[in-house]
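Examining the three-dimensional arrangement
For reference, the chains in residue letters:
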Amino acid sequence: MNSQNLSDWTHHHVFDQGNPAAEKGTRLVMAITALMMVVEIAAGWWFNSMALLADGWHMSSHAVAIGLSALAYSAARRYSGDHRFAFGTWKIEVLAGFASAIFLLGVALMMVVASVERIFSPQPIHFTEAIIVAVAGLAVNVVCALILSGAHEHGHAHDDHHHGQHHHDLNLRSAYLHVIADAATSVLAIIALAGGMLYGWNWLDPVMGIVGAALVARWALGLVRDTSRVLLDREMDHPVVAEIRSAISEDSAWKTPPQIVDLHVWRVGREKFALILSLAAEDPAVTPASVKRVLGRHEELAHISVEVNRHAARP
């Protein structure tokens, strides 16, 4: 059995150049969120309002998570030239997104626990102060969302012209979800507080807390699914895999198409994939170089390793 190998990998190849706009945006949002957190905690202490204190500590969790996103961008950029990272440092950002999603699930759980406690043990609510701070918090979150949205538009997230999909920066998405989750809970809190102040519906506050927690948990689970897919290399159902199989079996460069014996595809960047391919071929025209030329039409394939075994392909 004659075997040949070819790889287009060079160790200095950079799969991902980072997202400077997103890094700058997350840092700014982290600073704004931390400032609002301090204001809420100080106001809660000054006005002796547990509602304000609780909201302030709740916002602190978002400040920590967004700070984690900013730190991930910084670490990915700092170690981008480190050769110990075989496929670049992009997955540092994905790992931060996964950790942030788990953190968000923890926030949702705490919201449920606190809301259930309030249902069975109602506490007096300082409606005026709480509404003012909730409105201010909503305004801050809207500003932060606009900042992160701008970072998305000017960053590396872009349309995949090959598959018609829109791939997002998962680390930026995690920061954005924290901001949107906080904005959603602020809206629900304003509705609940207004109902309590105008109609005496104090039960509406904890009920809205549970509704908000369910919404946050749903977003967080979606982010856990998308980030874990990348971290666990679960990409064999991606459209690019079907395109690879089609290119190998249908290309006119070979009289007798080779048989795919083994195929592994995994993501190594926002729009980049690595590929290991083992073929069984009769046609002498099927060489690692010719296979590389065929697959080279797919720009998203950043690393291609090909093995061609010289023996009759089984039907």
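This is a predicted model, so every value here is computed, not measured. (Residues numbered from 1 in each chain as written. Predicted model: local features only at pLDDT ≥ 70, side-chain atom pairs only at ≥ 80, totals over all residues. Heavy atoms only, no water.)

Examined against the element boundaries, Ala-139 turns out to sit in helix H4 (residues 127-154). For the pair Ala-139 and Ala-183, spaced 44 residues apart in the sequence, the C-alpha separation amounts to 8.3 Å. (Helix = DSSP H or I, 4+ residues; strand = E, 2+ residues; numbered from the N terminus.)

When pLDDT is averaged across the protein, the result is 82; 84% of the residues are at 70 or more. Note that pLDDT drops below 50 for residues 1-14; the model gives that stretch 36 contacts with residues more than four away or on any other chain. Across residues 156-167 the pLDDT falls below 50, and counting only partners more than four positions away or on other chains, this stretch makes 33 contacts in the model. (pLDDT = per-residue confidence, 0-100. Contact = heavy atoms within 4.5 Å.)

Before going further, it helps to spend a moment on a nonpolar patch on the surface. Taken together, the side chains of Val-112, Val-116, Ile-119, Phe-120, Met-197, Leu-198, Tyr-199, Trp-201, Trp-203, Val-207, Ile-210 and Val-211 define a hydrophobic patch exposed on the protein surface, amounting to about 1,200 Å² of accessible area. Considering every element that reaches the nonpolar patch, the biggest residue donor is helix H3 (residues 90-120), with four residues. Along the chain, Val-116 turns up in helix H3. (Patch = residues over 30% accessible without salt bridge, like charges linked within 9 Å, V, L, I, M, F, W, Y side chains within 5 Å. Areas by Shrake-Rupley, 256 points an atom, 1.4 Å probe, with all protein chains shown as cover. Salt bridge = Lys/Arg side-chain N within 4 Å of Asp/Glu carboxyl O.)

Before going further, it helps to spend a moment on the environment of His-238. Within the secondary structure, His-238 is located in the loop between helix H6 (204-231) and helix H7 (239-250). On the basis of relative accessible area, His-238 is assigned to the buried category, the value being 4%. Sequence separation between His-238 and Arg-267 is 29 residues, and the spatial gap between their C-alpha atoms is 9.8 Å. (Buried < 20%, exposed > 50% of the residue type's maximum accessible area, 1.4 Å probe, protein only.)

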